[in-house]
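Residue-level listing of the chains:
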Amino acid sequence: MVSARENPFSKECWKIESTGSRLTLDQMLNKNMLASSLLFGLLLWGGGPALATPRIKVLKLAVTNPTDELRLHENIVVPVADLQRIAPDFKAGDAIVTTSDAATLEEDARTIQTTELPSQADDLDGDNKYDDLSFQIELKAKQTRIVTIAYGDTATIQQLRSKYPKRTDAKFTMKFDGLAWESEANAWRIYFDKRNAIDIYGKRRPGLYLEMFGAPEYVYNLESPLGRDIYRIGDAIGIGAVAALVDGKVVKVSDVAERKWRIVSAGPVRVIVELSYKAWKVGGREVNLTSRMTQWAGKHGFEHHVSAEGADGLTLVTGVVRHPGLQEKVLPPTASEPALVRAWWGPQVVEEGPTATSIHNLPNQNLGLAIIANGMGSKVAEDDPVNLLLKPQLTNGSASWYVMGMWDQENTGALTVTATSADGRFRYGTIFQPVATPKTFDAFLERVRESSRRITHPARVSVLSSSASPQSAPPDTLQPARKRTFAEAIDLLKQAAERTASQWEPIISQTPPEEATRDKGLGFFTEGDNQTGEWKGQKGFFWTGNFWVGELWQLYGKTKDERFRRWAELWNARLLGKEMVENHDTGFLNYYSSVFGYRETKEAKYREGGLRAAERLKQLYNPTTELAAAWSVNGDDTIIDTMMNLQIWWWASRETNDPQWRALGLKHALKSAEWLIREDGSVIQSVHYNPGDNRQEFFSSQGANSNLRFPNRTRPGEKVFTHTHQGFAADTTWSRGAAWALYGFTVAYAETKDARLLQTAEKIAAYVDAHLPEDNVPWYDFVDEGVHFRNRDTSAAALFAGGLLRLSELTADQKRAVAYRQKGEEIVRSLIDGYLTPVGAHDKTPPGVLRHGSSTRPSDVALIYGNYYLLEDLLWLEDHK
């Protein structure tokens, strides 16, 4: 049973309970590769266990709205101790909270993209250990949402966690006589002296303004488009402060031996402030009192929790200032709504100016105030000449109430910035549109009732995890029907190719070869449906059409079935003659098509096409940077993918016995190793540089944001910045990029025998081994282990296998050779058993579909290049038994 630690505001925020899960996380994890991964680590490093451990683990919660009302931002607090009973290594400071619309673990396991919820870890008692993890979540009526708490390695979390905007704040300054706290909606202060009264600042424009209110020379009593001090307290206890009722008279917390204040926390989710009073002399006794206020982001009220020692028999009260002409409503506690509500509305907004002269309330402005006291024992108290009072339920020396305030002038100064300028300073690009705020007592009462129901019927939070685990692989990969042989897997891919070629032959035939281009013509495809296996048609051959052609040539070479030759020639014809207008992908497009065609047929047209592609890639080579630009002649960036395009140069050098191609490839590879491979073996996707013209605007292939303004003070040929197109962030590692690198540097070493390239390939291999998940099929990004996007990428896995298998024949270290070979085989076995259809006994997907590739997150698809590289791996293994 998971117990719930008492929250400072009783039941207002959450309830937590243990529940049985229909599908545990442990059941959703594939542990088949554990022993082999351990062996790989032992062999590779020759030491103790080097098992690749996940940087991220997850805990699953179910959060349920028990009411028929929409909860736009429900407050949730999860005690850290409850999570640590399940996961002793849990650290709230290294956690990310995400959610989706999944209502069950089964649905959550199929979720591809999550929504990050700003979260906050709080140390409540000052012992330098976090006590609570809090966040807010939107819940529809009766909705249950699965929430994932991901935690782990500090550096990894820092790379993944967003920078949450600060939505609450607190400040102590004698400029406003004490301690203040705020959300964007309003602000409060408590006088840190014998008055001990709480005051309110109204806000015309949402925002955090305590720093401004507390600034020297700023007069917060004067009118402002942002807000001001709007309330006059006089001799009363203010709004929601604590006092005692002794012999019918209110006694403030004034006669104390010592009073202290502290700001517990102020962040993106909530602000918590606390005052402690030692030896409060009241009713003939001395009471030690602690008063804690908690305000959540976006909320108009704060929770006030008091705990008292030595207060037995003492009547504690709270209330607001008595002002003339107020409308009032009292809602007594009921069995279904066990909270007392007392609300007021009317002209209690003081005119602007210092309180010494500003003593009149404005007749044309209204302020709504309410106190919601939790518990059936809360009652209305007898008012006195300056206070309107109620008695909250006191249990074991503790009581809680909610204080709420709404000014009818809220949002009258709200601005929406629409200007496109980066700094947003130019106000001609703004819109003023008043946001609805209560203008009547009835409207205010409805908001108060909503808050009361939120307090008495909070969201239910159930912990579904029995332990912490890595985020699971896709559910349809977890229970393969049986182990397959490599030959069986080749046959499945062959069946899929036959099916695809027969279906698409009439379509490709509709576009004459000479009319097909990168983005024109029918009959090519890149992505397919995981379940139906159907490929999605596209305009033109893109950069990927070659992989389908290459698959057909490979199958022809394997089977000598003339159908595969005919199909390969049919599709290959659309690529011939287009080599000189392509970008760096001319290497991809023509190596896996024309070079393969020449290998199988020895027809001159294919050789000529391959050599034209090598010449085109040479045109993109910049001797100043010693790199082939990715997109155009004299371009300013190179991507790691180009390491694979070098294959056209390696082939051309061998085919023509001309060393220039090998020399160009070596220079490009060495500079790529320097600029795109980090010291730990992780991989950068893209580097931008000064190509020699000192440009200040750089081109990116990322759609509408194709031109980047970036300060360039580097010398010609020097690096300016790096970034990613498809990984999570510029400082993470896109897994397919790492796969291009591993495979590309391995082949580069095989062709040049330059030891620096072997060292680079082995460094990447070590990084990959340390970051592969349990089933050896990588996440789309090695750092984002299913936190934000839960895409595995089978195409990257197939590429890794190909690189490792080739590396096993190149390294001089026999232990590493064995380890590379074994890891390559294990990756392939994971793919053909868990990802290549049919997987389970009841899998209705056609044979030979390689599921769960990720072209660009959050796509979760079959990929034609995934099929190609898996076939290539299998053929290699068949040839290297």
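Residues numbered from 1 in each chain as written. Predicted model: local features only at pLDDT ≥ 70, side-chain atom pairs only at ≥ 80, totals over all residues. Heavy atoms only, no water.

## Some details on the nonpolar core
Ranked by size, the top nonpolar core spans 128 residues in total, and within it Trp 571, Trp 649, Phe 745, Tyr 869 and Leu 870 carry the most contacts. Every residue in contact with Trp 649, bar those within four places of it in the chain, is listed here: Ala 614, Leu 617, Lys 618, Tyr 621, Ala 628, Trp 661, Leu 664 and Gly 665. Ile 237, Ile 239, Leu 289 and Phe 302 belong to the second-largest nonpolar core, a separate cluster that totals 57 residues. (Core = buried A, V, L, I, M, F, W, Y, C linked by side-chain atoms within 4.5 Å. Buried < 20%, exposed > 50% of the residue type's maximum accessible area, 1.4 Å probe, protein only. Contact = heavy atoms within 4.5 Å.)

## Topic: unusual backbone geometry
Residues Thr 837 and Pro 838 are joined by a peptide bond in cis, for which omega reads -5 degrees. Counting through the fold element by element, Pro 838 comes out in the loop between helix 18 (814-835) and strand 39 (862-863). Cis geometry marks the peptide bond from Arg 857 to Pro 858; its omega dihedral reads 5 degrees. One can find Pro 858 in the loop between helix 18 and strand 39. Positive phi is not limited to glycine here, since Lys 602 has a value of about 65 degrees. Assignment of secondary structure puts Lys 602 in the loop between helix 10 (586-601) and helix 11 (604-620). Even without being a glycine, Asn 776 presents a positive backbone phi close to 70 degrees. (Helix = DSSP H or I, 4+ residues; strand = E, 2+ residues; numbered from the N terminus.)

## A short note on the packing of helix 14 (residues 659-676) against helix 16 (residues 755-771)
As a packed pair, helix 14 and helix 16 sit with axes 10 Å apart at the nearest point and diverge in direction by 45 degrees. Put simply, helix 14 runs oblique to helix 16. Considering only the axes of helix 14 and helix 16, their crossing is left-handed. Each of Leu 666, Ala 669, Leu 670 and Ala 673 in helix 14 lies in contact with helix 16, whose residues at this interface are Arg 756, Leu 757 and Thr 760. (Axes fitted to C-alpha atoms, helices over the stretch in contact; angles between N-to-C directions. Parallel < 35°, antiparallel > 145°, perpendicular 65-115°, else oblique. Left-handed = near helix turned anticlockwise from the far one by under 90°.)

## Focus: helix 18
Taking 1.5 Å of rise per residue, 22 residues should cover 32 Å, and helix 18 covers 31 Å from first to last C-alpha, within 8% of that figure. Near the N-terminus of helix 18, the side chain that reaches the backbone nitrogen of Lys 815, with its oxygen 3.0 Å away, is that of Asp 813. (Expected span 1.5 Å × (residues − 1). Polar contact = N/O pair within 3.5 Å; in protein donor to acceptor, adjacent residues only side chain to side chain.)

Don't take any of this as a statement about function, it's just geometry.
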